[in-house]
2 protein chains.
Amino acid sequence: MPANNIQLIPVNSFPEINPGDNLPLIISGTIKKEGIELSNNDIVVVAQKIVSKAEKRVVNLKNVKPTAFSKSVAKEVAKDPRLVEVILAETKKIIRMDMRKEGHGRLIVETRDGLILANAGVDTSNVSGGDSVTLLPLDSDKSADKIRNSILKKLGKKIAVIITDTVGRPWREGLVDIAIGCSGIAPLDDKRGQKDSRGFLLNATVMATGDQVASAAGLLMDKNSQTPLIIVKGINYKKGNKGSKSLIRESKNDLFR
Amino acid sequence: MPANNIQLIPVNSFPEINPGDNLPLIISGTIKKEGIELSNNDIVVVAQKIVSKAEKRVVNLKNVKPTAFSKSVAKEVAKDPRLVEVILAETKKIIRMDMRKEGHGRLIVETRDGLILANAGVDTSNVSGGDSVTLLPLDSDKSADKIRNSILKKLGKKIAVIITDTVGRPWREGLVDIAIGCSGIAPLDDKRGQKDSRGFLLNATVMATGDQVASAAGLLMDKNSQTPLIIVKGINYKKGNKGSKSLIRESKNDLFR
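Please read all numbers here as calculations on a predicted model, not as lab measurements.

**Student:** Pulling in residues and values, what's your account of the overall build of chain A?
**Tutor:** Helix and strand counts for chain A stand at six helices and 12 strands. The principal-axis extents of the C-alpha atoms in chain A amount to approximately 60 × 50 × 30 Å. Relative to its full complement of 257 residues, chain A shows a buried share of 49%.

Below you can see the structure in the form of structure tokens.
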């Protein structure tokens, strides 16, 4: 690959993940088995869904008893009250509740981690059994650390890991992928203080590199979860060990909640 | 490049663009001169800044006389009243005005095109002369069409074009790149009705492919405008000739304005 190019490589033949699986080992093993040559500084991008499944963040709605409050919210947004119960258990604050005639309702909340997500990131698609849903990992940064450490140990390469989720956005149609867990990469790249090509100070350019990498990898992650692992080569990123939380805007600086 | 991989190639040695330049010709010429082999279905990603400059969407603030209203808004958000005058001329609706003690003010508006952007996309960095600013192209989809047609004519390849801008977002820190102009690609990829790997219907998965491609290319576009042109290979995108506007959520469906 020529210098300065970026390459995104999907890891094919990734096995179905089941609750309790050792995901870091499976990731290292599959990269090796597929003959993908890792280099230091590559970024390994992992879909949240397989992390959640391996970490047993799966709930069968059959076992959920909704409270009266969950039932009332469920009625408002036209969702299964048991699903709403699971969503609200992940929720710090309800940001918007909405029932439109033309579609199903929307329930947009702030999770305990501070992410603002529809349904608190609870996902009803592609979990074994029609009544099962996945929750976000309890600590996606820690999950990313484990994958990074396993790859260092098993494959001998110092890489970065990003765990992604697929989210909606205000103002724009369509979903994009963002970084909800990071290890070995600083998700924000602060260019303030640098000068532009004419010598003028660049104003307030802090790029969300973690989210841009997530979106790039998302182009190869089909939503059928058959391609949950992408290797990204050639990005000149800043290293960091503080996880993904700097991507989350503090409530007091946010004009839209 | 192996099948299914994505490759992003920055076009180096891109010349400085001046008002009135024939940008489509310069793009075709530079791709050829740099020896980059284009293939059918590649995506050519172009930074808004050079499109604006070529299309003379540059205003020297020295020639701007702010109205009383612009002066009052400028005071509220601590900006140059002449800059606010230029921003408001691009504005359909003010979405948020904010002055925080810890930073400079924020002026977030809906542009005539329906985009929601800080400062209506008016950019104060990297324009010849310290008092010059760029405005967004008048019709970015049309600008993308012209580049696409020029490449077909000059290089004989059927490609797609995306024009990008760098934007802030609610809830998340850091800027990302989005698609503000498209030609030859459908920016939304609607997967509703498809089934997941277990046979369950995927719910409401419409991916914002145009924005994800913009973000991917943004990883190589340094903000000094030295790399405003990126070639993207290997994306299996849906073709389309309706431009970028389907990425913009209609006001009546938006919970956050």
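**Student:** Residue-level account of the pairing of strand E2 (residues 43–47) of chain A, with values.
**Tutor:** All names here are of chain A. The element E2 is largely enclosed, with a buried count of five among its five residues. Side-chain alternation along E2 places Ile-43, Val-45 and Ala-47 on one buried face and Val-44 and Val-46 on a second face that is also buried. Across five bridges, E2 lies against strand E8 (residues 160–167) in parallel orientation. Bridge pairing links Val-44 to Val-161 in E8. When E2 meets strand E12 (residues 229–233), the two strands line up antiparallel, connected through four bridges. Each bridged residue has a counterpart across the sheet, and for Val-45 the counterpart in E12 is Ile-230.

**Student:** Tell me what's going on with the sheet that holds strand E5 (residues 106–111) of chain A, and back it up with residues and numbers.
**Tutor:** Residues and elements named next belong to chain A. Strand order in the open sheet made by the three strands is E4-E5-E6, with antiparallel pairing throughout. On the outer flanks of this sheet lie strand E4 (91–98) and strand E6 (116–118), each paired with one strand and no other. The mean angle between the axes of side-by-side strands here comes to 25°, regardless of whether they run parallel or antiparallel. Taken together, the six bridges between E4 and E5 define a ladder with antiparallel strand orientation. The residue bridging Lys-93 from the neighbouring strand is Glu-110, located in E5. Contacts between helix H3 (residues 68–77) and the sheet are confined to E4 and E5, with E4 contributing the most and set at about 35° to the helix.

**Student:** Outline the packing of helix H1 (residues 23–33) of chain A against helix H5 (residues 140–155) of chain A, supporting the account with residue identities and numerical values.
**Tutor:** Residues and elements named next belong to chain A. Look at H1 against H5: their axes get within 8 Å of each other, and the N-to-C directions meet at 45°. Taken together, the axis directions place H1 and H5 in an arrangement best described as oblique. In the crossing of H1 with H5, the sense of the turn from one axis to the other is right-handed. Counted together, Pro-24, Leu-25, Ile-27, Ser-28, Ile-31 and Lys-32 of H1 and Lys-146, Ile-147, Ser-150, Ile-151, Lys-154 and Leu-155 of H5 form the full contact between these two elements. Here the residues of the contact of H1 with H5 sort into seven nonpolar, two polar and three charged.

**Student:** Before we move on, can you summarise the sheet that holds strand E2 (residues 43–47) of chain B with the specific residues and values?
**Tutor:** The mixed open sheet is built from 10 strands, whose spatial order is E9(A)-E8(A)-E2(A)-E12(A)-E1(A)-E1(B)-E12(B)-E2(B)-E8(B)-E9(B). Each having just a single partner strand, strand E9 (176–183) of chain A together with strand E9 (176–183) of chain B make up the two edges of the open sheet. Strand-to-strand twist in this sheet, taken as the mean axis angle between neighbours without regard to direction, amounts to 25°. In this structure, strand E1 (residues 6–10) of chain A lies alongside E12 of chain A, joined through four bridges in antiparallel fashion.

**Student:** Please provide a residue-by-residue account of the pairing of E5 of chain A, values included.
**Tutor:** For E5 of chain A, the buried fraction is high: five of the six residues fall into the buried class. What sits between E5 of chain A and E6 of chain A in their antiparallel hairpin is a turn of four residues, with Gly-114 of chain A showing a positive phi close to 100°.

**Student:** Tell me about the packing of helix H6 (residues 209–218) of chain A against helix H6 (residues 209–218) of chain B, and name the residues and values.
**Tutor:** Running from N to C, H6 of chain A and H6 of chain B point in directions that differ by 125°, and their axes come no closer than 8 Å. By the angle between their axes, H6 of chain A is oblique relative to H6 of chain B. H6 of chain B is crossed by H6 of chain A, and the crossing has left-handed handedness. Where H6 of chain A abuts H6 of chain B, its residues Gln-212, Ser-215, Ala-216 and Gly-218 of chain A lie against Gln-212, Ser-215, Ala-216 and Gly-218 of chain B. Residue composition of the contact of H6 of chain A with H6 of chain B, by class: two nonpolar, six polar and no charged.

**Student:** Give a detailed account of the nonpolar core, specifying residues and quantitative values.
**Tutor:** Looking at soluble globular proteins, one finds that nonpolar side chains tend to be buried together. Judged by nonpolar contacts, the single largest core of 136 residues is most densely connected at Ile-162 of chain A together with Ile-162 of chain B. With near-sequence residues (within four places) excluded, Ile-162 of chain A lies in contact with Ile-43, Val-45, Ala-144, Ala-179, Gly-181, Cys-182, Ile-185, Gly-210, Val-213 and Ala-214 of chain A.

**Student:** Tell me about the domain arrangement of chain A, and name the residues and values.
**Tutor:** Residues and elements named next belong to chain A. Segmenting chain A into domains produces domain 1 (7–57 + 136–248) and domain 2 (59–133). Placing a centre on the C-alpha atoms of domain 1 and another on those of domain 2 gives a separation of 26 Å. In terms of residue class, the side of domain 1 that touches domain 2 is made up of four nonpolar, three polar and two charged.

**Student:** Any details on unusual backbone geometry? Residues and values, ideally.
**Tutor:** Of all residues except glycine, most have a negative phi; of all peptide bonds, most are trans. All names here are of chain A. For Asn-41, which is not a glycine, the phi torsion comes out positive at approximately 75°. Within the secondary structure, Asn-41 sits in the loop between H1 and E2. Positive phi, normally seen in glycine, also occurs at Lys-56, with a value near 60°. Structurally, Lys-56 can be placed in the loop between helix H2 (48–54) and strand E3 (58–60).

**Student:** Outline the environment of Lys-146 of chain B, listing residues and values.
**Tutor:** Residue and element names in this part refer to chain B. Checked against the element boundaries, Lys-146 lands in helix H5 (residues 140–155). Exposure remark for Lys-146: the 18 C-beta atoms within 10 Å place this residue in the partly exposed category. C-alpha of Lys-146 to C-alpha of Pro-24: the two residues are 122 residues apart in sequence and 6.5 Å apart in space.

**Student:** A description of helix H4 (residues 81–89) of chain B should follow, citing residues and the corresponding values.
**Tutor:** Of all the residues in H4 of chain B, the buried ones are Arg-82, Leu-83, Val-84, Glu-85, Val-86 and Ile-87 of chain B. Those residues of H4 of chain B that are buried are in contact with strand E3 (58–60), helix H3 (68–77), strand E4 (91–98), strand E5 (106–111) and strand E7 (132–134) of chain B.

Parameters at a glance
Residues numbered from 1 in each chain as written. Chains lettered and ligands numbered in written order. Predicted model: local features only at pLDDT ≥ 70, side-chain atom pairs only at ≥ 80, totals over all residues. Helix = DSSP H or I, 4+ residues; strand = E, 2+ residues; numbered from the N terminus. Buried ≥ 20, exposed ≤ 12 C-beta atoms within 10 Å, placed from the backbone. Pairing = 2+ DSSP bridges. Axes fitted to C-alpha atoms, helices over the stretch in contact; angles between N-to-C directions. Contact = placed C-beta atoms within 7 Å. Parallel < 35°, antiparallel > 145°, perpendicular 65-115°, else oblique. Left-handed = near helix turned anticlockwise from the far one by under 90°. Nonpolar A, V, L, I, M, F, W, Y, C, P; charged D, E, K, R; others polar. Core = buried A, V, L, I, M, F, W, Y, C linked by C-beta atoms within 7 Å. Domains from an automatic or database assignment.

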